[in-house]
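# Structure assessment
The lines below spell out each chain.
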Amino acid sequence: MNPTPAFALADATFRYPESTALDGLNLSIAPGECVAVLGANGSGKSTLLRVLAGLCFPERGRVEFFGEPLTEAALAHGAFARNFRRRVGVVFQNPDVQLFNATVFDEVAFGPLQMGWPKAQILERVHGALADLGIGELKDRPPHRLSGGEKKRVALASVLVLDPDVLLLDEPTAALDPKSQGQIVDFLFGCIGRKTIVTTTHSLEIAQEIADRALVLENGRLAASGPTAEIVADTPLLERTHLLHVHRHRHASGAVHSHPHRHL
Amino acid sequence: MWPRRRDFIEKTLHRLAESMEQAARADDSGAGSGFLQRFDPRVKLVGFLGLIFAAAASQKLAVTAAIFAVGLIFAVASRVLVPIARLWCGVLFFTGAVVLPAAILTPGHALFRLPWAGWAVTDNGLHSAASLIVRAEATATLAALLVLTTRWGHLLKALRVLRVPALFVVILGMTYRFIFVLLGIAQDFFEARRARQVGSLDGRQRRQMAVSSAAILLSKSVQLSGEVYEAMQARGFRGEVYTLDEFRLTRLDWCMLAAFVVLTIAAFGMGTLP
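These figures come from a predicted structure and were not determined experimentally.

This part is about the overall build of chain B. Assigned secondary structure in chain B consists of nine helices and two strands. When burial is assessed residue by residue, chain B has 30% of its 274 residues classed as buried. Pairs at least 24 residues apart make up 80% of the contacts formed inside chain B by residues separated by at least 6 positions.

Shown next as structure tokens:
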């Protein structure tokens with residue numbers, strides 16, 4: 001018997017004034033699954049994540065979270081909203097919008113405080129989350145003075161402190177140096193199987209490393225869905241959806257030319 | 001050697017960096033170990049609001065000046081004199097510009113005449129102008145004392161405890177949280193502009209740039225404020241302010257509250273009664 005999906009979208013359509021971000025999208029994400037959402041800029045990846053996070057709502061179609069409709073009305077209900085926000089953690093692409101407290105400690109404690117947890121539990125969980133991400137020594141620093149990699153780890157800690165069942169990650173490794181990227185990927189590896197992970201990324205390498213399944217979005221529609229290895233091997237699909245590099249490069253023979261290729 | 005003159009962009013960048021430091025320091029001073037920092041935020045909120053009300057209602061210069069003096073003593077004892085002194089200059093400049101005509105236009109006994117123009121500064125005019133300036137300085141000092149000696153989160157929580165509407169508190173909280181993001185954007189914007197600039201800007205170009213950067217920042221701020229709010233919502237924010245510290249009134253807090261009440265009643269009485 002199939003378990004109730006963590007998320008189910010049926011004919012979800014979302015429009016911005018000047019474009020259609022999601023166009024009749026149908027998809028289902030199983031609990032414990034790790035899904036990479038691939039797509040070129042403007043393909044609807046971030047909007048999909050916002051819809052799954054209950055931050056915007058499709059004008060047509062239906063979104064369900066573990067079988068319950070995810071609507072504005074449902075999230076206006078205190079108990080559902082608290083349960084949903086506890087179970088679904090969102091890491092935004094730009095950590096600056098996510099870090100708005102005076103210190104790293106306050107930042108990580110923000111979510112648990114909203115949940116109304118007892119003080120002792122909050123302190124224990126905040127220290128635990130800081131230690132898990134290796135940022136215990138940053139706890140008294142103002143978040144806006146941290147480096148990009150540190151900010152990203154604080155943003156992750158601020159979400160993981162609630163021990164969510166679902167992690168929604170918008171380009172978690174964007175604009176990070178290779179070392180910081182490695183730390184984030186290592187961390188995500190540790191979550192695989194324990195949490196449902198939906199991550200948007202441009203990086204085929206990272207998608208292949210962490211995701212069981214890849215979804216390819218094109219103009220707000222699902223262009224493909226399948227095991228990540230198969231999607232990443234489908235050169236015509238990747239070429240059509242602008243996921244392959246096409247630029248001039250030099251071969252060992254010294255020849256310089258341009259053709260699609262992947263960095264794996 | 002003469003120090004190099006900073007151009008408009010450099011000066012703006014410098015001011016932006018300074019503003020970020022000041023905003024960050026405001027929260028640091030709130031957590032400091034000065035006199036006012038040890039009191040319950042609710043006591044300070046009620047006490048300072050009372051004193052601000054008394055200062056605003058006062059019709060006697062001596063009473064307003066006495067309230068200002070109390071603020072000065074608090075500032076020294078709470079180790080926040082430097083940022084408050086900086087504030088005085090701004091208040092003096094803006095209020096001075098507004099009330100200066102009153103010193104000339106208000107009828108009364110002429111004390112002296114302004115050089116060149118020959119306009120007479122009257123005793124009544126000078127008294128009115130001084131009253132307004134001292135009142136503005138006193139109220140600004142008291143408000144700054146409250147902000148500089150209280151952690152921002154505690155202040156917001158105190159406002160909610162005193163039944164200030166959640167919407168007002170949320171807007172206030174968002175404004176503060178957004179300052180750093182906005183200042184960062186402004187800094188990037190001006191640095192990018194400097195990277196493409198050759199030579200210095202003349203007055204017209206400076207004005208053009210000031211106007212266009214204000215417009216761009218406004219539009220970016222609208223977009224980003226939405227994103228910051230979404231990030232808060234995603235972590236369970238529903239309009240209430242919570243902090244780890246529980247407010248508990250000690251005997252010291254009650255004594256301070258009593259002192260504030262006595263001061264406010266005395267100042268209000270002496271300032272308004274004929």
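Let us now look at the sheet that holds strand β4 (residues 60-65) of chain A. All names here are of chain A. What the four strands build is an open sheet, ordered β2-β1-β4-β5; its pairing is antiparallel. A strand with exactly one partner marks an edge of an open sheet, and here the two such strands are β2 (19-29) and β5 (68-69). Judged from the seven bridges that link them, strand β1 (residues 7-16) and β2 form a sheet pairing that is antiparallel. In the strand pairing of β2, Ala-8 is matched with Ser-28.

What follows deals with helix α6 (residues 152-161) of chain B. The buried fraction of α6 of chain B amounts to eight of the 10 residues, a majority that puts the element mostly inside the structure. Of the residues one or two after α6 of chain B, Arg-163 of chain B is the one with positive phi, at around 65°.

Moving on, we get to the interface of chain A and chain B. Facing the 25 residues of chain A at the interface are 21 residues of chain B. Secondary-structure elements contributing two or more residues to the side of chain A that touches chain B are α3 (78-87), α4 (95-98), α5 (104-115) and α6 (119-132) of chain A.

On to unusual backbone geometry. Residues and elements named next belong to chain A. The backbone phi angle of Glu-171 is positive, close to 45°, even though this residue is not glycine. By secondary structure assignment, the location of Glu-171 is in the loop between β7 (166-170) and α8 (178-191). Classification of Glu-171 as buried rests on a count of 20 C-beta atoms within 10 Å. Positive phi outside glycine occurs at Asn-219, with the angle close to 50°. Tracing the backbone shows Asn-219 in the loop between β9 (213-218) and β10 (221-227). Among the residues examined, Asn-219 registers 16 C-beta atoms within 10 Å and is labelled partly exposed.

Before going further, it helps to examine the domain arrangement of chain B. Residue and element names in this part refer to chain B. Taken as a whole, chain B is organised into domain 1 (1-30 + 152-242) and domain 2 (33-151 + 248-268). Look at where the C-alpha atoms of domain 1 and domain 2 centre, and you get two points 27 Å apart. Between domain 1 and domain 2, the residue contacts involve 13 residues of the former and 11 residues of the latter. Elements with a contribution of two residues or more to the side of domain 1 that touches domain 2: α1 (8-30) and α6. Among the elements that take part in the side of domain 1 that touches domain 2, α6 stands out by supplying seven residues, more than any other. Residues that form the side of domain 1 that touches domain 2 fall into these classes: seven nonpolar, five polar and one charged.

Attention now moves to the packing of helix α3 (residues 61-77) of chain B against helix α5 (residues 123-148) of chain B. Residues and elements named next belong to chain B. It is the contact of α3 with α5, at a shortest axis distance of 9 Å, that shows an interaxial angle of 30°. Relative to α5, α3 is oriented roughly parallel. Crossing handedness for the pair α3 and α5: left-handed. In this structure, α3 uses Leu-61, Thr-64, Ala-65, Ile-67, Phe-68, Gly-71, Phe-74 and Ala-75 to contact α5, whose residues at the interface are His-127, Ala-130, Ser-131, Val-134, Arg-135, Glu-137, Ala-138, Thr-141, Leu-142 and Leu-145. Considering only residue class, the contact of α3 with α5 consists of 11 nonpolar, five polar and two charged.

For Ser-158 of chain A, the position within the fold is in helix α7 (residues 148-160). In this structure the C-alpha to C-alpha distance between Ser-158 of chain A and Leu-130 of chain A, which are 28 residues apart in sequence, comes to 8.7 Å. Setting aside chain neighbours within four positions, we find Ser-158 of chain A in contact with Gln-98, Glu-107, Val-108, Phe-110 and Gly-111 of chain A together with Arg-235 of chain B.

Residues and elements named next belong to chain B. For the pair helix α2 (residues 41-57) and helix α9 (residues 251-272), the least separation of the axes is 9 Å and the interaxial angle reads 10°. Accordingly, the angle class assigned to the pair α2 and α9 is roughly parallel. Where α2 abuts α9, its residues Val-43, Val-46, Gly-47, Gly-50, Leu-51, Ala-54 and Ala-57 lie against Asp-253, Met-256, Leu-257, Phe-260, Leu-263, Thr-264, Ala-267, Phe-268, Gly-271 and Thr-272. By residue class, the composition of the contact of α2 with α9 is 11 nonpolar, five polar and one charged.

What counts and what doesn't
- Residues numbered from 1 in each chain as written.
- Chains lettered and ligands numbered in written order.
- Predicted model: local features only at pLDDT ≥ 70, side-chain atom pairs only at ≥ 80, totals over all residues.
- Helix = DSSP H or I, 4+ residues; strand = E, 2+ residues; numbered from the N terminus.
- Buried ≥ 20, exposed ≤ 12 C-beta atoms within 10 Å, placed from the backbone.
- Contact = placed C-beta atoms within 7 Å.
- Pairing = 2+ DSSP bridges.
- Domains from an automatic or database assignment.
- Nonpolar A, V, L, I, M, F, W, Y, C, P; charged D, E, K, R; others polar.
- Axes fitted to C-alpha atoms, helices over the stretch in contact; angles between N-to-C directions.
- Parallel < 35°, antiparallel > 145°, perpendicular 65-115°, else oblique.
- Left-handed = near helix turned anticlockwise from the far one by under 90°.

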